[in-house]
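# A closer look at the structure
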Amino acid sequence: MRIRYNFISSLLTLSLLSTSTLAAELMVYSSRNASYIKPLFNAYALETGVAVNYLVAPASTLISRIESETKNTDGNVKPADLMIAAGAESFWMASEKGLLAPLESSTLSENVPAHLTSPKRDWFGFASRARTIVYNPATVKASELSSYSDLAAPKWKGKLCLLTAQSAYTQAFVAMLAKHEGGEKTAQVIRGWVDNLAVAPFAEDMQVLEAINQGRCDVGIVNSYYFIRFKRQVPKTKLTLFWADQKGMGTHVNITGAAVIANAPNKTQAIDFLEWLTTKEPQVTYAKLSMEYPANPDVYPAREVARLGKFTVDNTNLSAIGQHLSNAQQLMKDAGYQ
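Read on for an overview of the structure. (Residues numbered from 1 in each chain as written. Predicted model: local features only at pLDDT ≥ 70, side-chain atom pairs only at ≥ 80, totals over all residues. Heavy atoms only, no water.)

### Side note on the packing of helix α7 (residues 205-213) against helix α8 (residues 224-233)
- Look at α7 against α8: their axes get within 10 Å of each other, and the N-to-C directions meet at 55 degrees. In terms of orientation, α7 and α8 fall into the oblique class. Where α7 crosses over α8, the two elements pack in a sense that is right-handed. Taken together, the residues of α8 that come into contact with α7 (itself represented by Asp205, Met206, Leu209, Glu210 and Asn213) are Tyr226, Phe227, Arg229, Phe230 and Gln233.
- When grouped by side-chain class, the residues that make up the contact of α7 with α8 number five nonpolar, two polar and three charged. (Axes fitted to C-alpha atoms, helices over the stretch in contact; angles between N-to-C directions. Helix = DSSP H or I, 4+ residues; strand = E, 2+ residues; numbered from the N terminus. Parallel < 35°, antiparallel > 145°, perpendicular 65-115°, else oblique. Left-handed = near helix turned anticlockwise from the far one by under 90°. Contact = heavy atoms within 4.5 Å. Nonpolar A, V, L, I, M, F, W, Y, C, P; charged D, E, K, R; others polar.)

Structure (structure tokens):
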């Protein structure tokens, strides 16, 4: 077992270390913003002497690149060892193409709950975000709210704001709804949402929050960390989160996760890095940067996140998102959800 240096003291010596002094290298492909992941790469390098190089691009681009690397060997290209992405659906697609390596790791088994782990054990969540209801308490009482499906009821006519159907957040969420409710019921719900829209769907969650805050609509669905960011920008806002489906399927969550590439040149080191991501200090650091929930159940969320309160999570395995994704996309198209 390698002896690791203290995580915090390592950060203090970051400026003293250059890539040229490191003994080995990893190549990480990431769809996650560099501002969230680079501090983790730097800390791992300081602990282990292993440099972490990275490429940031949309998940679909990364998957296509990894697929091409399995077919072509180019000495000028550094193949990926590991992929980081937001959304289980991206890992499901990569897994279906056979691009990811199944792992047997007691560390990952202990640190990552089963519903955030691929049934094939070829991808693992190291953080999660909740997608739930936000409302204006000046016009809506918490007692009027219950489930995602209830937002399709006539009482919300002209009061609902949603993210566009083109968003990966929306597609993943509706895919999980289809898993629970079935196609026919989900189609009814989507049509009800469309009928209840106050304005056309927005491109970003922050726009949904702004619209509710401005009184253009009364209720919407957003990711939990966007709610925190909005409160930072508008400290006096009265907007409030409501944990959806607490008597039903539970509140929908999705992951930021990681997977080792099947043909990774540095597979052993990539596994070590993935395991490290699920341990306490990296979990705390990432949670503070992203305002997501740590995957490791023994690690507390950041204070701003903890203040949102506890809730019952939909603990259906997230591979269901990938399995129902194409159906969800078609259901939204048929219902006129743009």
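Here the narrative resumes.
### Digging into the nonpolar core
- Counting 86 residues, the largest nonpolar core has Leu82, Leu145, Leu151, Trp193 and Phe273 as the members making the most contacts within it.
- It is helix α6 (residues 168-196) that provides the largest number of residues to this core, a total of eleven residues.
- Excluding its chain neighbours within four sequence positions, the residues that come into contact with Leu82 are Met27, Val28, Tyr29, Ala258, Ala259, Val260, Ile261, Ala270, Phe273 and Leu274.
- Cys161, Leu209, Tyr225 and Tyr293 belong to the second-largest nonpolar core, a separate cluster that totals 26 residues. (Core = buried A, V, L, I, M, F, W, Y, C linked by side-chain atoms within 4.5 Å. Buried < 20%, exposed > 50% of the residue type's maximum accessible area, 1.4 Å probe, protein only.)

### Re unusual backbone geometry
- Even without a glycine there, the phi angle at Asp245 is positive, about 55 degrees.
- Its location among the elements puts Asp245 in the loop between β7 (240-242) and β8 (252-260).
- With a relative accessible area of 11%, Asp245 lands in the buried category.
- The phi angle at Met291 is positive, at roughly 60 degrees, despite the residue not being glycine.
- Among the residues examined, Met291 registers a relative accessible area of 5% and is labelled buried.

### Some remarks on the pairing of strand β2 (residues 50-56)
- Across seven bridges, the pairing between strand β1 (residues 24-30) and β2 is parallel. Directly across from Met27, in β2, lies its bridge partner Asn53. (Pairing = 2+ DSSP bridges.)

### Remarks on the pattern of salt bridges
- In this structure the tally under the stated criterion is eight salt bridges.
- With its nearest N and O atoms 3.0 Å apart, the salt bridge here joins Glu292 to Arg32. Placement of the pair is Glu292 in the loop between α10 (280-290) and β9 (293-294) and Arg32 in the loop between β1 and α2 (34-48), with a sequence separation of 260 residues.
- A relative accessible area of 0% places Glu292 in the buried class.
- Overall, Arg32 belongs to the buried group, its relative accessible area being 8%.
- A salt bridge links Lys185 to Glu181, with the nearest nitrogen and oxygen atoms 3.7 Å apart. In this pair, Lys185 and Glu181 both sit in helix α6, four residues apart, roughly one turn of the helix.
- Each of Arg32, Arg129 and Glu292 takes part in salt bridges that share partners, so that together they form one network. (Salt bridge = Lys/Arg side-chain N within 4 Å of Asp/Glu carboxyl O.)

### A word on the side chain of Asp245
- Although Asp245 is buried, it forms no salt bridge, and the closest oppositely charged side chain is Lys185 at an N-O distance of 8.5 Å.
- Beyond its immediate sequence surroundings of up to four residues, Asp245 is in contact with Ser146, Ser147, Tyr148, Gly250 and Thr251. (Lys, Arg positive; Asp, Glu negative; His and termini not counted.)

### Quick word on the pairing of β1
- For β1, the buried fraction is high: five of the seven residues fall into the buried class.
- In this fold, β1 hands off to α2, which returns the chain to β2; that crossover is right-handed.
- Sheet analysis places β1 next to strand β3 (residues 82-86), joined by three bridges and oriented parallel. Its bridge partner being in β3, Ser30 is matched across the sheet by Ile84. (Right-handed = clockwise from strand over helix to strand, strands pointing away.)

### A few points about the state of the cysteines
- For the structure on display, the rule yields one disulfide.
- Bridging Cys161 to Cys217, the disulfide has an S-S length of 2.0 Å. Here the S-S torsion is close to -105 degrees, and the disulfide linking Cys161 with Cys217 is therefore left-handed. Here the residue Cys161 occupies a position in strand β5 (residues 160-161), and Cys217 occupies one in the loop between α7 and β6 (219-223), the gap between them amounting to 56 residues. For the pair Cys161 and Cys217, a shared accessibility class is recorded, and that class is buried. (Disulfide = S-S within 2.5 Å.)

### A look at the environment of Asp122
- With respect to the helices and strands, the residue Asp122 is situated in the loop between α5 (106-111) and β4 (124-135).
- Here Asp122 is in contact with Ser95, Leu100, Ala101, Pro102 and Ala259, once residues within four sequence places are set aside.
- Of the polar contacts made by the side chain of Asp122, one reaches the side chain of Ser118; its length is 2.7 Å. (Polar contact = N/O pair within 3.5 Å; in protein donor to acceptor, adjacent residues only side chain to side chain.)

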